[in-house]
Amino acid sequence: MHCDVLVIGAGAAGLMTAITAANFGHKVLLVDHANKPGKKILMSGGGRCNFTNYYVEPDRFLSQNPHFCKSALSRYTQWDFIQLVDKHGIGYHEKELGQLFCDGKAKAILEMLLDELASAGAQLHMNCSISQILASENGYQVNSTLGKISANKLVVATGGLSIPTLGATGFGYEIAEKFGHTLQPTRAGLVPFTFSDQHKALFASLSGSSIDAVASVGDTSFRGGVLFTHRGLSGPAILQISSYWEAGDVLTLNLLPDIDAAQWLTSLRTEAPKKQLKTLLVNHWTKAITEAFDGIFDLSRTLATLSNEDINQLAKSLNEWPLRPSGTEGYRTAEVTLGGVNVDEVSSKSLESKHQPGLYFVGEVLDVTGHLGGFNFQWAWASAVACATAI
Ligand code: FDA
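This one's a predicted model, so the numbers in the text were calculated from it and none came from an experiment.

**Re the pairing of strand β19 (residues 336–341)**
Of all six residues that make up β19, six are buried, and the element is covered over most of its length. Taken together, the five bridges between strand β11 (residues 183–189) and β19 define a ladder with antiparallel strand orientation. By the bridge assignment, Leu183 is partnered in β19 with Val341.

Laid out in structure tokens, this is it:
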């Protein structure tokens, strides 16, 4: 079997590469070892697929080279993808912070891509495993369960390591290394934290409740919901900050993000000295959270009993509560994989390998990771279009 372009991986980036390359007139073969394409699209955004964001900016992406993503993102923007969604009559809405979700199910986005794929004339083969890839004079020779495939160009769109049950493997990294690429160390991103210290039982007791807080690691902070879980902490602010956290780092939570707790407690000590801390804090947190935190912050005290030193200590805990996660839930639940194929060895314009002509990398397999909010799909769409256009 021969094709102009062989794309490995029928996820977001692989589908978009195949569609675009086929629309340019290339004979495209898209293969995947899983039984169905686009499994992560179906699971994404809680089943409604947060397919892009109104505010796509390069600073919403992590990479060892933060400039790498700029070229592709500027040439296929969120507006281009929205136009495609509109063309297919798929209803969507902004949930918050520019995040665009389907009104209905995520399936609509996958069906849209599969319709585009069929009308572009690309061939899709699922349940296809690849055992060997060799570079030849005219391109690539690939041994697969479909038989031998020869291709002029090879696009690696195999994604990262997150959620192996959805088909994730490190195959793209193996291909990259085989052709002389280096990898940036990989780790789970957009992932809940786990705890093994005294906080584990506290968070477990509050499992299912959430609080508005600012989560920080070093100089990076995200405000949003922090969800207590049986194993630790999750929710949007935690998922976002997890991409900046490395083992051993301290995570701090500001539990009163709109309040300077030291000033607030000092003035209330004069105005309402008999008030218990609990009665003040229950106006900002739920009753269950206030009661659970009583054990840690001693909230049964009345304001009058607090010395300046007590106020400073308590205020620091409320505005900068230091926590030490024991780890993260890892690739089992992580939405993305940080690190990957070193982008300094790939052209930012064409996504072609600088070591191996005719070999391309798109999507999450590269060391480009977006924040939560539709940025990872936008990177998949944009890198795919940049690659297919260059082919
Ligand atoms: P992706 O992982 O989508 O596709 C890779 C494909 O390669 C898969 O089909 C896989 O089967 C195939 N493959 C792997 N190894 C192979 C091998 N050895 N041989 C053949 N094929 C192989 N992002 C976002 O922007 N908005 C959102 O709402 C969400 N929500 C979300 C929820 C959940 C639960 C997860 C896990 C992730 C998200 N994401 C997200 C992240 C987003 O899904 C992710 O960044 C993109 O799917 C990456 O697209 P890729 O095509 O690069 O990889």
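**Considering the UniProt feature "domain: RsdA/BaiN/AoA(So)-like insert" (unreviewed entry) in the protein**
The positions that UniProt labels "domain: RsdA/BaiN/AoA(So)-like insert" (unreviewed entry) are, in the present scheme, residues 187–336. Along residues 187–336 one finds 35% helix and 23% strand; the C-alpha atoms at either end are 9 Å apart.

**A look at helix α9 (residues 261–271)**
Taken residue by residue, α9 has Ala261, Trp264, Leu265, Leu268 and Arg269 as its buried positions. What you see down the axis of α9 is that its buried residues fit within an arc of 135°, all on one side. Facing away from the buried side of α9, by more than 90 degrees, are the exposed residues Gln263, Thr270 and Glu271.

**Some details on the sheet that holds strand β5 (residues 92–94)**
Spatial strand order, β3-β6-β5: three strands in an open sheet with antiparallel pairing. The open sheet has two edge strands with one neighbour each: β3 (50–53) and β5. Neighbour to neighbour, the strand axes of the sheet diverge by 30° on average, direction disregarded.

**Describing the sheet that holds strand β18 (residues 327–328)**
Sheet architecture is open: seven strands sit in the order β17-β16-β13-β14-β15-β12-β18, paired in antiparallel fashion. Unpaired on one side and paired on the other, β17 (321–323) and β18 mark the two borders of the sheet. For strand β16 (residues 251–254) and β17, the ladder comprises three bridges, and the chain directions are antiparallel. Residue pairing across strands places Thr252 opposite Pro322, the latter belonging to β17.

**Here's the deal with the nonpolar core**
In a soluble, globular protein the nonpolar side chains are often hidden away together inside. With 83 residues, the main nonpolar core has Leu6, Ile41, Phe81, Ile109, Leu366 and Trp381 as its most contacted residues. The leading source of residues in this core is helix α13 (residues 375–390), at 11 residues. Beyond its immediate chain neighbours, meaning those up to four positions away, Ile41 contacts Ala12, Leu15, Cys49, Ala106, Ile109, Leu110, Leu113, Phe377 and Trp381. In this structure, Phe228, Leu268, Leu277 and Ala292 belong to the second largest nonpolar core, which totals 43 residues.

**Some details on the packing of helix α1 (residues 12–23) against α13**
Contact geometry of α1 with α13 gives a least axis separation of 8 Å together with a crossing angle of 35°. Where α1 crosses over α13, the handedness of that crossing is right-handed. Two secondary-structure elements touch here, α1 through Ala12, Ala13, Met16, Thr17, Thr20 and Ala21 and α13 through Phe377, Ala380, Trp381, Ala384, Val385, Cys387, Ala388 and Thr389. Among the residues making up the contact of α1 with α13, the classes are represented as 11 nonpolar, three polar and no charged.

**A short note on the site of the ligand**
Around the ligand lies a shell of 28 residues, among which Ala13, Asp32, Thr169, Glu364 and Phe377 are the nearest. Here Lys40 contributes a side-chain N or O atom positioned 3.3 Å from an oxygen atom of the ligand. Between a nitrogen atom of the ligand and a side-chain N or O atom of Thr169, the distance comes to 2.6 Å. Coverage of the ligand by the protein amounts to 93% of the 1000 Å² it exposes when considered alone. Breaking the shell around the ligand down by element, the ones donating at least two residues are α1, α2 (39–47) and α13. Of the residues that constitute the shell around the ligand, the class distribution is 11 nonpolar, 13 polar and four charged.

**Focus: the side chain of Thr229**
Tracing the backbone through its elements, the reader meets Thr229 in the loop between β14 (220–228) and β15 (232–234). Among the residues examined, Thr229 registers a relative accessible area of 14% and is labelled buried. Side-chain polar atoms of Thr229 contact the backbone nitrogen of Arg231, separated by 3.2 Å. Side-chain polar atoms of Thr229 contact the backbone nitrogen of Gly232, separated by 2.7 Å. Apart from the residues within four sequence positions on either side, Thr229 is in contact with Phe203, Ala204, Ser207 and Ser234.

The rules behind these values
- Residues numbered from 1 in each chain as written.
- Predicted model: local features only at pLDDT ≥ 70, side-chain atom pairs only at ≥ 80, totals over all residues.
- Heavy atoms only, no water.
- Buried < 20%, exposed > 50% of the residue type's maximum accessible area, 1.4 Å probe, protein only.
- Helix = DSSP H or I, 4+ residues; strand = E, 2+ residues; numbered from the N terminus.
- Pairing = 2+ DSSP bridges.
- UniProt positions renumbered as here; feature names shortened; annotations may be inferred.
- Arc of directions from axis to C-beta.
- Axes fitted to C-alpha atoms, helices over the stretch in contact; angles between N-to-C directions.
- Core = buried A, V, L, I, M, F, W, Y, C linked by side-chain atoms within 4.5 Å.
- Contact = heavy atoms within 4.5 Å.
- Left-handed = near helix turned anticlockwise from the far one by under 90°.
- Nonpolar A, V, L, I, M, F, W, Y, C, P; charged D, E, K, R; others polar.
- Near = heavy atom within 4 Å.
- Polar contact = N/O pair within 3.5 Å; in protein donor to acceptor, adjacent residues only side chain to side chain.
- Areas by Shrake-Rupley, 256 points an atom, 1.4 Å probe, with all protein chains shown as cover.

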